[in-house]
Amino acid sequence: MIITIDGPAAAGKGTLAAALAKHYKLAYFDTGMVYRAVGLQMVLQKLDLTDESAAEKVAKQLTFTQMMELSRHPDFRSDVGGQAASKVSAFPKVRAALLKMQQDFSLNPVFADGTPANGAVYDGRDTGTVVCPHADIKFFVTASMEVRAERRYKEFVAKGINTTYEKVLQDMTERDKRDSERATAPLKPAENAVMMDTSAMNSEQEIAAAIKIIEERK
Ligand code: DC
């Protein structure tokens, strides 16, 4: 079974993806990680984030091991990593360089320890529209901008990242705009996606609602 979960930042995709992967014993692919890895690598190498060719080169050279190493950097999940990811992900050449490895995962999904899985849960922006258009079930998860900014702000505070609610809100507004307005694979629901607004839901309610939908579809 392949499940895709797309939507804007802090809508509740990651929590839902991890819970569904656990519930159905599926592998989990957080596709934002590949763009964060390319973006952060550019920042660390002091490369120009507006240079598509440089970003394409970094994307083509990115290995799984390097991505895991970069994921341990303090800025991987911060505003710095998020903004850099959003910028490089708008380049068609970068998306093209990273598409096959994302699609190949659905052919041979594996758990984090390398053992094979019977399917995968993808989370990202274009996983139901571009990466896995033949997924068995597609979700598009949203929440109001204020709710998402509040959630992300609390996550940052819990991680000890020094920021303000206003800064998070501004960063998220910019990122949403860039992610939805780019020409290649913009953030938008797949035609057959199940829409879920999680603004008034806690994670337990969100997970229960998604499992109910999957069971009804089975
Ligand atoms: O989900 P995230 O916040 O980790 O994603 C970081 C950025 O990566 C996001 O702003 C847009 C980009 N991204 C994308 O373009 N396509 C995906 N499938 C996943 C993420």
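Residues numbered from 1 in each chain as written. Predicted model: local features only at pLDDT ≥ 70, side-chain atom pairs only at ≥ 80, totals over all residues. Heavy atoms only, no water.

Asker: Let's hear about the overall build of the protein: which residues, and what values?
Answerer: Tallying secondary structure elements over the protein gives 10 helices and five strands in all. For the protein, the C-alpha radius of gyration of 17 Å lies close to 17 Å, the compact-globule estimate for 218 residues. With the C-alpha coordinates aligned to their principal axes, the bounding extent of the protein is approximately 50 × 40 × 35 Å. Burial analysis of the protein (218 residues in total) assigns 48% to the buried set. (Helix = DSSP H or I, 4+ residues; strand = E, 2+ residues; numbered from the N terminus. Rg over C-alpha atoms; globule rule 2.2 N^0.38 Å. Buried < 20%, exposed > 50% of the residue type's maximum accessible area, 1.4 Å probe, protein only.)

Asker: Before we move on, can you summarise the layout of surface pockets with the specific residues and values?
Answerer: It is the rolling of a water-molecule-sized probe over the atoms that shows where space remains empty. The calculated volume of the largest pocket comes to roughly 750 Å³. For the lining of the largest pocket, the secondary structure elements donating two or more residues are α1 (13–24), β2 (27–30), α2 (32–44), α5 (79–88), β3 (120–124), α8 (145–158), α9 (165–181) and α10 (203–217). Its residues placed into classes, the lining of the largest pocket shows nine nonpolar, 12 polar and 16 charged. Approximately 470 Å³ is the volume attributed to the second largest pocket. (1 Å grid on protein atoms, 1.4 Å probe; cavity = no way out; pocket = protein on both sides within 12 Å on 5 of 7 lines; lining within 4 Å. Points joined across faces, edges and corners; volume = space filled by probe spheres on them. Nonpolar A, V, L, I, M, F, W, Y, C, P; charged D, E, K, R; others polar.)

Asker: Tell me about the packing of α1 against α10, residues and numbers included.
Answerer: The geometry of α1 relative to α10 is characterised by a closest axis approach of 10 Å and an angle of 55 degrees between their N-to-C directions. In this view, α1 runs oblique relative to α10, as classed from their interaxial angle. Here α1 runs over α10; the crossing is right-handed. On the side of α1, the interface is formed by Lys 13, Thr 15, Leu 16, Ala 19, Leu 20, His 23 and Tyr 24, while α10 contributes Ser 203, Glu 206, Ile 207, Ala 210, Ile 211, Ile 214 and Glu 215. Considered class by class, the residues forming the contact of α1 with α10 number eight nonpolar, three polar and three charged. (Axes fitted to C-alpha atoms, helices over the stretch in contact; angles between N-to-C directions. Parallel < 35°, antiparallel > 145°, perpendicular 65-115°, else oblique. Left-handed = near helix turned anticlockwise from the far one by under 90°. Contact = heavy atoms within 4.5 Å.)

Asker: Describe the packing of α2 against α5, with residues and values.
Answerer: Between α2 and α5, the least distance of the axes is 7 Å, while the angle of their chain directions is 105 degrees. In terms of axis orientation, α2 runs roughly perpendicular to α5. On the side of α2, the interface is formed by Tyr 35, Arg 36, Val 38, Gly 39, Leu 40, Met 42 and Val 43, while α5 contributes Val 80, Gly 81, Gly 82, Ala 84, Ala 85 and Val 88. Here the contact of α2 with α5 is composed, by residue class, of nine nonpolar, three polar and one charged.

Asker: Hey, could you go over the site of the ligand for me, with residue numbers and the actual values?
Answerer: Close to the ligand lie 15 residues, the nearest being Arg 36, Arg 95, Asp 126, Arg 175 and Asp 179. A distance of 3.4 Å separates an oxygen atom of the ligand from a polar atom in the side chain of Ser 89. Asp 126 has a polar side-chain atom sitting 2.8 Å from a nitrogen atom of the ligand. Surface burial for the ligand is 97%, taken as the share of its 450 Å² of free accessible area covered by protein chains. Placement of the ligand is best described as lying within the largest pocket. Those elements that place two or more of their residues in the shell around the ligand are α2, α5 and α9. A per-element tally of the shell around the ligand places α2 first, with three residues. Residue composition of the shell around the ligand, grouped by class: two nonpolar, five polar and eight charged. (Near = heavy atom within 4 Å. Polar contact = N/O pair within 3.5 Å; in protein donor to acceptor, adjacent residues only side chain to side chain. Areas by Shrake-Rupley, 256 points an atom, 1.4 Å probe, with all protein chains shown as cover. Sits in = over half its atoms within 2 Å of the grid points.)

Asker: Explain the sheet that holds strand β4 (residues 137–142) to me, using residue names and the numbers behind them.
Answerer: Strand order in this open sheet of five strands is β2-β3-β1-β4-β5, and the pairing throughout is parallel. Each of the sheet's edge strands pairs with one partner strand only, and the pair in question is β2 and β5 (194–197). Along the sheet, successive strands turn relative to each other by an average axial angle of 20 degrees, direction set aside. Contacts from α1 reach β1 (2–6), β2, β3, β4 and β5 within the one sheet, and its direction differs from that of β3 by about 175 degrees. Along the sheet, α10 contacts β1, β4 and β5; its crossing angle with β4, the most-contacted strand, is approximately 155 degrees. (Pairing = 2+ DSSP bridges.)

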